[in-house]
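# Remarks on the overall topology
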Amino acid sequence: GTLFAGNTSVARSYTVKTAASSSLMSDNSTKILFTDNGNKYTAGDSITLRCGAAGFPTPVYEWYDTNGNKLAQSDSYEVRESDTKLIVKSVSSAEDEAEYKCRATSGNSIFMESIRLVLADSEPRFNSTVANSLYDIPGATVKLKFSLAQKGKTELLWNGRGLGEFAGTGRGEASLDSEGYLTISNIQKNASGVFQHVEYNAAGMVTQYKTVIIRDAQPASVAHTTQSTTDITVNGNSIHSVRGANFTMQCTGSGTPTPSDISIDVPDDLSASVASSLVKVNKEGKYIGNLLIDQVTEDYAGDYKCCTHNFVNDEKYESCVTISLAVEEKVTVTQNSPDADDSLVIGDQVYGTEGKPVTASCKATGLPRPTVVLDQTNKGCGTVSTITTANDVQLTDSIIIQIEYANSSICQTDSFTCCGSNTIQSVQYNACHTISVSFVEYQKPQDVKITNKGTLGQSDQSLVGTKESLVLECSVTSFPECAITWQYRKSDSDDGYQIPDSSSFTQDITLAKGETTSVLASKGFAGDYFTGDEYDFKCTATNAQGDSSSADLSITITEDTSSEVSSEVYLSIGVIIFIGALVAIVVMYIYLIISTGKKKKADLGMFGCFVCTCCEPEEQPTDPHAEFDYKLLTLEKVATNSFNDPSYTHPRLVPVMPEQNFGRAPVYRELEQLTMQTNSLTKYEHLF
């Protein structure tokens, strides 16, 4: 038979039944299996050994252990002669460290191949007294303890070279004793580098190693690294933010070794959810803390403390920075008067009911909280008060100036101006607002009226088209203003009124001094909501005292033909305009012909062929001979007309008068010149 690989060897391959990604960093009881080609297996794995041969008759395979005993199916082994596999189950002890033999028999030919498994300690296996990374402290001594298996040779390297090179260059001294202690003494600044202790087992495999990196130390430090945006301004460790801003407060920790953590402490009275929004990122040797702040309010103002730390040779170094957040807003002053039962507020005007008290106020808002100055027209008219709390809560951003007028007998009218100011980053901001107050005589709801604002309603208030929206307006005269409610029902129904559904109708209300207006409108065509022909609509106006008044309007829902009529009218108008434009163009060209004489069609533009049927043929001046013949023929025609009619003239040619032509009929110099050029005077003798 012929073997698969090698000159006289049976081919071998290895597979692992369990996951091959078992951690190499394991406790001391864990074993690692090595085969002689360097494959590694974790204890408990099942190892599949393969061998193969080719020949005729088909080879038969058998497996034997170190002692030459034939292996059969058992709890420890699985033998598959058909596919040449030996599976060593759950390898975990020294008993499995053996040499296995594969025997292939083909007729009288027998071949044998050995496969050896080696059991070794897991890697790395150390009990070090210090961390794997050290930081230079000049003059210090560092001692590392290794647990040596003593199965093979050991080697100590510095930056991949022998240890003697380290000691010979003044960087310090390093030695390894028989008990496994590596001592590095009198370390100098230039001692930075990589120390490695490597141990090999009997099979020549690395069983343990230790790497110690000595590098420059840098205690942890932290810096404020928030970036300015359109909503925030960063100045050193201070952040100035507008109200409602969204931004990320950021601080960055650095050091050697890299900081192991970073934190941001928020103000004590701030919600815990803000602190929980901290996102930590370890990137490129730095530890970055990002605190996500959403919809800033004045509650966020205060000091935030960011801290980070690292360890240098087991000693903790911590660094902190305090970040101050100021939430700011330029001062604004607005109308703040309440709309009470006996008063009406429209814009900057406050109307009070005669004989009733009324209150008017302004509100100044800003961060920091502004100061307010009041300038009143009728000083002493009303009682002025300053409000800085609401519901026992301090207004951190607002001040309200309020004037209470007892009744109209104190003053019939008044006005006052509120001016607020605050300072943001050394810049002062100011804002003012003027409010007017007057008293109006009390008036119950009256003159309630419903008006149909639809298209058909312009000519007939009782009609609404099926293809138009229902739009009804209810107006009422009163003071103070009224609340208006709408109702409707079928005219021929005994059912009561119902309130329009908000999903199908909209209601808008407009307030004015002494008048309230409400508009009821369908959201679609009237025909989509009303199935009958006639409906009764009612609007009721009620004031705060309970006085009310109503109005009714009956509406007929009819087929709307206004759009069809409009289309016909628009089409008729379009046809009339088009015909008129054509007539105007024809008249313009006729006038042009009459006023300038005969012209060529090309001279009359694109419409010349429509308005000029007697124009001269279009001139073709591209060929000089053709142009000459054309002029000659034209002049001949003109001369013939002049001979027959002495009074004939041509507006574009200069005639030769009779006295200049020896009494002959008027001809033209151009004709004489042309005939002379042709040397064919006889052709035109009859013209002279």
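What counts, and where the lines are drawn
- Residues numbered from 1 in each chain as written.
- Predicted model: local features only at pLDDT ≥ 70, side-chain atom pairs only at ≥ 80, totals over all residues.
- Heavy atoms only, no water.
- Helix = DSSP H or I, 4+ residues; strand = E, 2+ residues; numbered from the N terminus.
- Buried < 20%, exposed > 50% of the residue type's maximum accessible area, 1.4 Å probe, protein only.
- Contact = heavy atoms within 4.5 Å.
- Areas by Shrake-Rupley, 256 points an atom, 1.4 Å probe, with all protein chains shown as cover.
- Disulfide = S-S within 2.5 Å.
- Salt bridge = Lys/Arg side-chain N within 4 Å of Asp/Glu carboxyl O.
- Patch = residues over 30% accessible without salt bridge, like charges linked within 9 Å, V, L, I, M, F, W, Y side chains within 5 Å.
- Lys, Arg positive; Asp, Glu negative; His and termini not counted.
- Charge placed at Lys NZ, Arg CZ, Asp CG, Glu CD.
- Core = buried A, V, L, I, M, F, W, Y, C linked by side-chain atoms within 4.5 Å.
- Pairing = 2+ DSSP bridges.
- Axes fitted to C-alpha atoms, helices over the stretch in contact; angles between N-to-C directions.
- Phe/Tyr/Trp six-rings, centres within 6.5 Å; stacked < 30°, edge-to-face > 60°.
- Polar contact = N/O pair within 3.5 Å; in protein donor to acceptor, adjacent residues only side chain to side chain.
- pLDDT = per-residue confidence, 0-100.

Attention shifts here to the overall build of the protein. Counting secondary structure elements, the protein contains six helices and 48 strands. Here the protein holds 688 residues, and the buried ones make up 37% of them. Put simply, of all contacts in the protein between residues at least 6 apart along the chain, 62% involve residues at least 24 apart. With the model as given, the accessible surface of the protein reaches about 37,500 Å², and the carbon-plus-sulfur share is 50%.

In this section: the state of the cysteines. Across all of its chains, the model carries six disulfides by this definition. What pairs with Cys307 in a disulfide is Cys320, and their sulfur atoms sit 2.0 Å apart. Since a negative S-S torsion denotes a left-handed disulfide, the Cys307-Cys320 link at about 115° is right-handed. Remark: Cys320 occurs in strand β28 (residues 315-335) and Cys307 occurs in strand β27 (residues 302-312); sequence separation between them is 13 residues. Taking the relative accessible area as the measure of exposure, Cys320 reaches 37% and is therefore partly exposed. Paired through a disulfide, Cys381 and Cys411 show a sulfur-sulfur distance of 1.5 Å. Taken together, the residues Cys381 in the loop between β32 (371-376) and β33 (383-387) and Cys411 in the loop between β36 (398-405) and β37 (413-424) connect sequence positions 30 residues apart. What makes Cys381 buried here is its relative accessible area of 4%. Among the cysteines around Cys482, which has no disulfide bond, Cys474 carries the closest sulfur, lying 9.6 Å off.

Overall, the coordinates contain eight salt bridges when judged by the stated rule. Measuring nitrogen to oxygen at the nearest pair gives 2.9 Å for the salt bridge that ties Glu298 to Arg243. With Glu298 in the loop between β26 (286-293) and β27 and Arg243 in the loop between β22 (238-242) and β23 (247-256), the pair connects residues that are 55 residues apart, well separated along the chain. For Glu298, a relative accessible area of 23% gives the class partly exposed. In this structure, Asp536 and Arg489 form a salt bridge, with 3.6 Å as the shortest nitrogen-oxygen distance. Taken together, the positions of Asp536 in strand β45 (residues 534-542) and Arg489 in strand β42 (residues 483-490) put the pair 47 residues apart, joining distant regions of the chain.

A contiguous patch of negative charge, built from Asp492, Asp494, Asp495, Asp533 and Glu534, is present on the exposed surface. Turning to its location among the elements, Asp495 is positioned in the loop between β42 and β43 (505-512). For Asp495, a relative accessible area of 55% puts it in the exposed group.

Counting 24 residues, the largest nonpolar core has Phe247, Met249, Ile293, Tyr300, Tyr304 and Leu325 as the members making the most contacts within it. Secondary structure elements with two or more residues in this core: β23, β24 (261-265), β26, β27 and β28. For this core, the element with the most residues is β28, which contributes four residues. Setting aside residues up to four positions removed in sequence, Tyr304 forms contacts with Met249, Ile264, Asp265, Val266, Pro267, Leu270, Leu291, Val321, Thr322, Ile323 and Leu325. Counting 23 residues, the second-largest nonpolar core is a separate cluster that includes Val464, Cys474, Val476 and Leu520.

Strand pairing in a sheet is mediated by backbone hydrogen bonds. Such pairs are either parallel or antiparallel. Here four strands make up an open sheet; going across it, the order is β40-β46-β45-β42 and the pairing mixed. What marks the edges here is a single partner per strand, and that holds for β40 (463-465) and β42. Pairs of neighbouring strands in the sheet enclose a mean axial angle of 30°, with direction left out of account. Relative to β45, β42 runs antiparallel, the two being bridged by eight bridges. Residue Trp486 lies in a different strand from β45, and its bridge partner there is Cys539.

Here we come to the packing of aromatic side chains. Counted under the stated rule, the structure contains 10 aromatic pairs. Between Tyr488 and Phe505, the ring centres sit 6.2 Å apart and the planes meet at 50°, which makes this aromatic pair tilted. Taken together, the residues span a long stretch of sequence, with Tyr488 in strand β42 and Phe505 in strand β43 at a distance of 17 residues. Classification of Tyr488 as buried rests on a relative accessible area of 11%. We classify Phe505 as buried; its relative accessible area is 7%. The interplanar angle of 55° and the centroid separation of 6.0 Å between the aromatic rings of Phe505 and Phe530 together place this pair among those described as tilted. Placement of Phe505 in strand β43 and of Phe530 in the loop between β44 (515-522) and β45 is noted, with a sequence separation of 25 residues between them. Here the two residues Phe505 and Phe530 agree in accessibility, since each one is buried.

Bringing the sheet that holds strand β38 (residues 427-440) into the picture now. Here five strands make up an open sheet; going across it, the order is β29-β30-β38-β37-β32 and the pairing mixed. The open sheet terminates on both sides in strands that have one partner only, identified here as β29 (343-346) and β32. This sheet shows a mean twist of 20° between the axes of neighbouring strands, independent of strand direction. Bridge count between β29 and strand β30 (residues 349-353): four bridges; the pairing is antiparallel. Across the sheet, Val345 pairs through a bridge with Val350, a residue of β30.

On to unusual backbone geometry, then. Comment: phi is negative for the bulk of residues other than glycine, and the bulk of peptide bonds are trans. Note the cis peptide between Thr256 and Pro257, where omega equals 5°. A cis geometry characterises the amide bond from Phe479 onward to Pro480, with omega recorded as -5°. The residue Pro480 is located in the loop between β41 (471-479) and β42 in this model. If you check the backbone angles, Gln295 has positive phi at about 55° while not being a glycine. Residue placement: Gln295 occurs in the loop between β26 and β27. For Gln295, a relative accessible area of 45% translates into the label partly exposed. One non-glycine residue, Gln425, lies in positive phi territory at about 50°.

Counting through the fold element by element, Thr308 comes out in strand β27. A polar atom in the side chain of Thr308 sits 2.6 Å from the backbone oxygen of Asp261. Contacts of Thr308, omitting those with residues within four sequence positions, involve Ala220, Ser221, Val222, Gly253, Pro259, Asp261, Ile262, Tyr317, Glu318 and Ser319.

In this section: the confidence of the model for the protein. On average, residues of the protein score 76 in pLDDT, and 68% of them reach the 70 mark or higher. Low pLDDT, under 50, characterises residues 656-668; the predicted model gives this stretch 30 contacts beyond four residues in sequence or across chains.

This brings us to the environment of Ser469. By the secondary structure assignment, Ser469 is in the loop between β40 and β41. Along the sequence, Ser469 and Tyr529 sit 60 residues apart, while their C-alpha atoms lie 10.0 Å from each other. Here the side chain of Ser469 touches Gly524 through a polar contact of 3.2 Å, landing on its backbone oxygen.

When strand β39 (residues 443-452) meets β41, the two strands line up antiparallel, connected through six bridges. Counted as the bridge partner of Lys449 is Ser475 from β41. Here β41 runs beside β44; their pairing, made up of seven bridges, is antiparallel. Each residue of the ladder has a partner; that of Val471, found in β44, is Ala521.

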